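Each chain, letter by letter, is given below.
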Protein chains: 2
Amino acid sequence: MKKLFTLCLMMLSTIMIAQTNQYDDDFINQVKQLRDQALTNDLAYDITESLTTEVGARLAGTPGDAKAVAWAQEKFKALGFDRISTEPVTFKRWTRGQETAVILSPYQHQLAITALGRTLPTPADGISGEVVHFATLADLQAADKSEVSGKITFISERMERHKDGSGYGKAVGARGLTAQVTAEKGGIAAIIRSIGTDNNRTPHTGAAKYDDNIPSVPAGAISNPDADLLLNVLKRNKPVFVKVTLTSHWDGDYTSQNVIGDMLGSEKPEEYIVIGCHLDSWDLGTGAIDDASGCGITMAAAKLIKEHLGSLKRTIRVVLWANEEYGISGALAYHEAHKNELKQHILGGESDFGAGEIYALGTRVAEDALPTIETMMTLLKPLGIDYIGNQGSSGADLIPMRKAGMAVFGLRQDGTDYFDYHHTANDTLDKVDPKALAQNVAAWIVVTALAAEAEHDFGFDLTD
Amino acid sequence: MKKLFTLCLMMLSTIMIAQTNQYDDDFINQVKQLRDQALTNDLAYDITESLTTEVGARLAGTPGDAKAVAWAQEKFKALGFDRISTEPVTFKRWTRGQETAVILSPYQHQLAITALGRTLPTPADGISGEVVHFATLADLQAADKSEVSGKITFISERMERHKDGSGYGKAVGARGLTAQVTAEKGGIAAIIRSIGTDNNRTPHTGAAKYDDNIPSVPAGAISNPDADLLLNVLKRNKPVFVKVTLTSHWDGDYTSQNVIGDMLGSEKPEEYIVIGCHLDSWDLGTGAIDDASGCGITMAAAKLIKEHLGSLKRTIRVVLWANEEYGISGALAYHEAHKNELKQHILGGESDFGAGEIYALGTRVAEDALPTIETMMTLLKPLGIDYIGNQGSSGADLIPMRKAGMAVFGLRQDGTDYFDYHHTANDTLDKVDPKALAQNVAAWIVVTALAAEAEHDFGFDLTD
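The rules behind the values
- Residues numbered from 1 in each chain as written.
- Chains lettered and ligands numbered in written order.
- Predicted model: local features only at pLDDT ≥ 70, side-chain atom pairs only at ≥ 80, totals over all residues.
- Helix = DSSP H or I, 4+ residues; strand = E, 2+ residues; numbered from the N terminus.
- Expected span 1.5 Å × (residues − 1).
- Buried ≥ 20, exposed ≤ 12 C-beta atoms within 10 Å, placed from the backbone.
- Arc of directions from axis to C-beta.
- Contact = placed C-beta atoms within 7 Å.
- Axes fitted to C-alpha atoms, helices over the stretch in contact; angles between N-to-C directions.
- Parallel < 35°, antiparallel > 145°, perpendicular 65-115°, else oblique.
- Left-handed = near helix turned anticlockwise from the far one by under 90°.
- Nonpolar A, V, L, I, M, F, W, Y, C, P; charged D, E, K, R; others polar.
- Domains from an automatic or database assignment.
- Pairing = 2+ DSSP bridges.

## Observations concerning helix α2 (residues 25-38) of chain B
Residue and element names in this part refer to chain B.
Line of reasoning, step 1. For α2, built from 14 residues, the straight-helix expectation of 20 Å at 1.5 Å per residue is met to within 8% by its first-to-last C-alpha distance of 20 Å.
Line of reasoning, step 2. Those residues of α2 that sit buried are V31, L34, R35 and A38. Looking straight down α2, one finds that the buried residues subtend no more than 105° of arc, so they occupy a single side. Pointing more than 90 degrees away from the buried face of α2 are the exposed residues D25, D26, N29 and Q33.
Line of reasoning, step 3. Residues of α2 that are buried sit in contact with α10 (288-309), α12 (370-380) and α15 (434-453).

## Concerning the packing of helix α2 (residues 25-38) of chain A against helix α10 (residues 288-309) of chain A
Residues and elements named next belong to chain A.
Line of reasoning, step 1. Contact geometry for α2 and α10: axes closest at 11 Å, N-to-C directions at 130°. Relative to α10, α2 is oriented oblique. Of the two possible hands of crossing, α2 and α10 adopt the one that is right-handed. The segment α2 lies against α10, with Q30, V31, L34 and A38 engaging L304, H308 and L309.
Line of reasoning, step 2. Partitioning the contact of α2 with α10 into residue classes produces five nonpolar, two polar and no charged.

## What to know about the domain arrangement of chain A
Residue and element names in this part refer to chain A.
Line of reasoning, step 1. We note that the domain assignment places domain 1 (20-91 + 253-453) and domain 2 (97-247) within chain A.
Line of reasoning, step 2. For domain 1 versus domain 2, the distance between C-alpha centres works out to 34 Å.
Line of reasoning, step 3. Taken together, the contacts link 17 residues of domain 1 with 19 residues of domain 2.
Line of reasoning, step 4. Of the residues forming the side of domain 1 that touches domain 2, the biggest block, three residues, is contributed by helix α14 (residues 418-421).
Line of reasoning, step 5. Of the residues belonging to the side of domain 1 that touches domain 2, the class tally is seven nonpolar, six polar and four charged.

## A look at the pairing of strand β10 (residues 249-263) of chain A
Residues and elements named next belong to chain A.
Line of reasoning, step 1. Pairing geometry for strand β1 (residues 83-95) and β10, over 12 bridges, is antiparallel. If you follow I84 over to β10, its bridge partner there is G261.
Line of reasoning, step 2. In the sheet, β10 pairs with strand β12 (residues 314-321) via five bridges, with the strands oriented antiparallel. Of the residues in β12, the one forming a bridge with M263 is I316.

## A few points about the environment of B:R96
Residue and element names in this part refer to chain B.
Line of reasoning, step 1. With respect to the secondary-structure elements, R96 resides in the loop between β1 (83-95) and β2 (99-105).
Line of reasoning, step 2. Residues R96 and P121, 25 residues apart in the sequence, show an inter-C-alpha distance of 9.4 Å.
Line of reasoning, step 3. Not counting the four nearest positions on each side in its chain, R96 is found in contact with L59, A115, S248 and D283.

## Thoughts on the sheet that holds strand β8 (residues 219-222) of chain B
Residue and element names in this part refer to chain B.
Line of reasoning, step 1. Ordered in space as β3-β2-β9-β5-β6-β7-β8-β4, the eight strands form an open sheet in which the pairing is mixed. Each edge of the open sheet carries a strand with a single partner, namely β3 (109-111) and β4 (113-115). For this sheet, the mean angle separating the axes of adjacent strands, direction not counted, is 30°.
Line of reasoning, step 2. Across four bridges, the pairing between strand β5 (residues 127-134) and strand β6 (residues 152-155) is parallel. In the strand pairing of β6, V131 is matched with I152.
Line of reasoning, step 3. Sheet strands touched by helix α8 (residues 173-184): β6, β7 (189-193) and β8. Its angle to β7, the strand with the most contacts, is close to 155°.
Line of reasoning, step 4. The strands touched by helix α9 (residues 224-234) are β2, β3, β5, β6, β7 and β8; relative to β8, the strand with the most contacts, the crossing angle is about 95°.

Here you go:
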């Protein structure tokens, strides 16, 4: 009975808000106009070009990181943001070193390898050993220590290609765990097939799990063609020996910055619609689709809203997060720094899935905010965007705030090709389609503007 | 009048041969049957897999070269060739060294670079200088010495993508000449955009012209994304300085081998239908499409003909040519070694354009052999292959023999993607489609078998 009553109340409240039509027609028309103008606006591409050209690779803790922080402040200023601030983010620095691998016998080959983030170094002159092959991480986990002891493990599972990137979650466990599982079983180093969908000799880096108290070994990913080659060599049923040299290492503490640009709200400046991207990148490419494009999209959206719609009720906060890649350090630091004002964070979203066209919106908001999401959807539909429900999530940097209760949204991008380039030397500007990027901006404008101008909030203390 | 008489004679002879139906029906039916069986036969793929896995990179003059020569003899033996021989091929060896490039200012970037074959080394610690940009080789050639002197040239022309690979000829001049033209104008090093159609950070190597008596400079190709980046940096209109380190160098004489497998003719064993591939490869990948696949196709064609059709009238000679890549040294040596029996070389073709499906046959044969080509075409048509005329050519290794007068044919492969991988680290087995490879074998069987069994020859002393 009580359940039914609650349900009725919810429905009633939903209908009431829906019927209220909280936005005036002028505002909606202006948003529509701006959305359509954004489709031919190149600001997001220009920002992406600027970050990849004037900074380029910016692994957290490297000189590129500091350059990116300076770039971001200047760019926010040039774009006319009302308030620009930085907040310190301190983390243990991991530094890439030399990375080579060769098959020593029975046939000699160079392998294209890259170290997995946060793994331990080999000696400077490498580690040699016999390869023991496992089709999957589960197979390695199930193996007897005697199979692995003294050897170099190789996991050959290949990531599947899907529009929503769902192959990633299935395959990435090998990257996260192989160093620790190999160590636990007495292995001396670990090789995995790159977590990627391409056939290029550009191996995919990415973070591995690391804990000072859990044994680990040096670990690297070889490119898909190299993994195929190693499998073909192994097929000959002769012992296969490889030598791996990976001198990446932990390198003391480093303090980077979250860089924050605010377009201040006219009525509730202390309430934030938080959008953004991560400012750091892996270091093999110039971090164009991961995640300069996300910075371009969200910085452009905020700038175009201010320019064409003026100040909205709430503050639009663009956060360029520090060190997403190996620790979401910026996200954790922000949550810590803002823990006394968490509820002022009304709705959040991060653009961190490349530069493909957006095809769906997912949300995680209070039920009684759903009519506003419906209004957003009427403006998103013409962009080819569908609603996929209220169990959505957002980028990795929103995790701490979402866990604390913040409402979030995710504008899902077509990720069909994303994992061809993700975390590789191939993550460069040519992979960004200006037209798809502009469609992203149009969508972010709709969601951000309507959230900033909404009469109500989007709920807090939302269950996960 | 004399012309008309000749024309009439030619037509008459053509009609006579065409009407003669030189092949008996049984033979034609057997060839058709074998052609169709070949479409599902994986021998060519297995050979390609074997060469790329058990040998891999095999730049002329490297240990891989010697391994490939040994592999080839063993493979011919395993395939049951009647006679296996090697013929020495001596050339000046060029050895790849270290290769790195960085943009020093105004923004720091690593560039993916590879040395152009036969170019001179920089000092071990590199050469630094200001970049001077030219859109094309012609622009560099037209430049005043004062523009180039003391600088590092950069040619940014991009190769066009076409099915027939015709973009290559248009763009490759920059690779051939930039080192010499840059030197002539006082430049200190040369960078070109890779001669390739991809967007991968895998630069394309390939030979540059070299002459001991013509000044030259160190020269390298950067990948397409790197060329785009350098252009974007140059757009800022600030002086751009780069540092290039390329320690590749000339390294004395080396003797490799042409490896020859003969399936001996039953009636005219001293007459040769010459098919084959080049055995060497560039060293960045495993030389799968350039040219292990050509070896797989032609070795498999000869083997399957012998196995299913028995010995034909003429000898089928499969030549695996040495050092095609930086000198067609094997081709020149063969021509020299066989100059007293050139006319025993009845028809020749090389498979050296990757592993794409064949879509056309071109020939360069005597007019009165055209009816035989027509018969070939009736068997090739079902494979989706059209005839494109009698002004055809073949692979680079046939040039010396063709110039000496030998009749040649070219089975044209779809090269739409070929220059994505050509001469890069990405030239690996995964780029070979087993189905397309089998279609190649079917086509090579038709042309080779009908040529070996033909009553007549295909002419000699053909004008170029």
